[in-house]
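Listed below are the residues making up each chain.
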Amino acid sequence: MPSLGRLHLITDTRPGRDPLAVVRAALTVAHADLVVQVRVEDSATDREAYDLTRRVLALCASYGATCLVNDRLHVALAVGAAGGHVGADDLPVAAARRVLGPTGVLGATARAPGPASEAVAAGASYLGVGPCHTTSTKTGLPDPIGPAGVRAVVDAVGVPVIAIGGVTAARVPALRAAGAYGVAVVGAVSAAADPARATAELIEALTC
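Reading the values: the criteria
Residues numbered from 1 in each chain as written. Predicted model: local features only at pLDDT ≥ 70, side-chain atom pairs only at ≥ 80, totals over all residues. Heavy atoms only, no water. Axes fitted to C-alpha atoms, helices over the stretch in contact; angles between N-to-C directions. Helix = DSSP H or I, 4+ residues; strand = E, 2+ residues; numbered from the N terminus. Parallel < 35°, antiparallel > 145°, perpendicular 65-115°, else oblique. Left-handed = near helix turned anticlockwise from the far one by under 90°. Contact = heavy atoms within 4.5 Å. Nonpolar A, V, L, I, M, F, W, Y, C, P; charged D, E, K, R; others polar. Expected span 1.5 Å × (residues − 1). Buried < 20%, exposed > 50% of the residue type's maximum accessible area, 1.4 Å probe, protein only. Pairing = 2+ DSSP bridges. Right-handed = clockwise from strand over helix to strand, strands pointing away.

A. Region of the structure containing the packing of helix H1 (residues 19–30) against helix H9 (residues 195–207). For the pair H1 and H9, the least separation of the axes is 8 Å and the interaxial angle reads 45 degrees. Our classification of the angle between H1 and H9 gives oblique. Remark: the crossing between H1 and H9 carries right-handed chirality. Of the residues in H9, those in contact with Val 22, Ala 25, Ala 26, Val 29 and Ala 30 of H1 are Pro 195, Ala 196, Thr 199, Ala 200 and Ile 203. Class assignment for the residues of the contact of H1 with H9 results in nine nonpolar, one polar and no charged.

B. Here's a closer look at the packing of H1 against helix H2 (residues 46–63). Where H1 contacts H2, the two axes come as close as 10 Å, and the packing angle between them is 10 degrees. Judged by the angle between their axes, H1 and H2 are roughly parallel. Mapping the contact onto sequence places Pro 19, Leu 20, Val 23, Arg 24, Leu 27 and Thr 28 in H1 and Leu 52, Arg 55, Val 56, Leu 59, Cys 60 and Tyr 63 in H2. Taken together, the residues of the contact of H1 with H2 sort by class into nine nonpolar, one polar and two charged.

C. A look at H2. Here H2 spans 26 Å end to end across 18 residues, near enough to the 26 Å set by a 1.5 Å rise per residue. On its buried face, H2 sits against H1, strand S2 (34–38), strand S3 (66–70) and helix H3 (73–79). Trailing H2 by a residue or two, Gly 64 shows a phi angle of about 70 degrees, which is positive.

D. Looking closely at the environment of Ala 88. Looking at the element boundaries, Ala 88 is found in the loop between strand S4 (83–86) and helix H4 (93–100). Looking at Ala 88, the relative accessible area reads 75%, which means it is exposed. Along the backbone, Ala 88 and Pro 144 are 56 residues apart, and their C-alpha atoms lie at a distance of 16 Å.

E. Quick look at the sheet that holds strand S1 (residues 7–10). In spatial order, the strands read S1-S2-S3-S4-S5-S6-S7-S8; together these eight strands close into a barrel with parallel pairing. For this sheet the average axis-to-axis angle between neighbouring strands, irrespective of direction, equals 25 degrees. Note that S1 and strand S8 (residues 182–185) share three bridges and pair parallel. By the bridge assignment, His 8 is partnered in S8 with Ala 184.

F. The pairing of S2, seen in detail. By the criterion of burial, S2 is predominantly enclosed, with five of the five residues buried. On S2, burial covers both faces: Leu 34, Val 36 and Val 38 on one face and Val 35 and Gln 37 on the other are all buried. As defined by bridge partners, S1 adjoins S2 across four bridges and the pair is classed as parallel. Bridge pairing links Leu 9 to Val 36 in S2. Crossover handedness for the path S1 to H1 to S2: right-handed. When S2 meets S3, the two strands line up parallel, connected through four bridges. Looking at the pairing, Val 36 lines up with Cys 67 of S3. Of the crossover connections in this fold, the one passing from S2 over H2 to the parallel S3 is right-handed.

See the structure below:
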């Protein structure tokens, strides 16, 4: 598996957003410490997902960063991305591993030790764990688990845990103290007035 960066930036493709500009700004600061997870709206066509991912992958390649695709693993394979990430309503982890093959990076979503251990046994390379805090990026999420919930998962598995959900630079130290390898963000960078500066603050918090 490629070296996994500690900061995961999930693309925000909602109307009025410019995911490519945000990714470009973040990469100029984070370089190989960044993992870009291409996530598109459910209404997006596969062609739209493919075109965006292809452009994101080209940007990542220039900085040695990793590009993953959320949910649409066939798009990840089509563009030659490093792998993908599956959530609770996507393909089961074992099936996703068969799609990506033995060497692709495969992230899976978990929020409790039992399901987390099952996901790793089924082939997950890392886990996205949360929501850690309240977030407005996605609706219908379960209650936040906080740093204590992150620690419970960390103690149960032997793969990197990426904390997600309402993550800000100020909240990173507590998540790292709970054992999180890194964090995943959407709004903390995509909604920032200065995405590059927001990225720098997150990277600094992750490396302190």
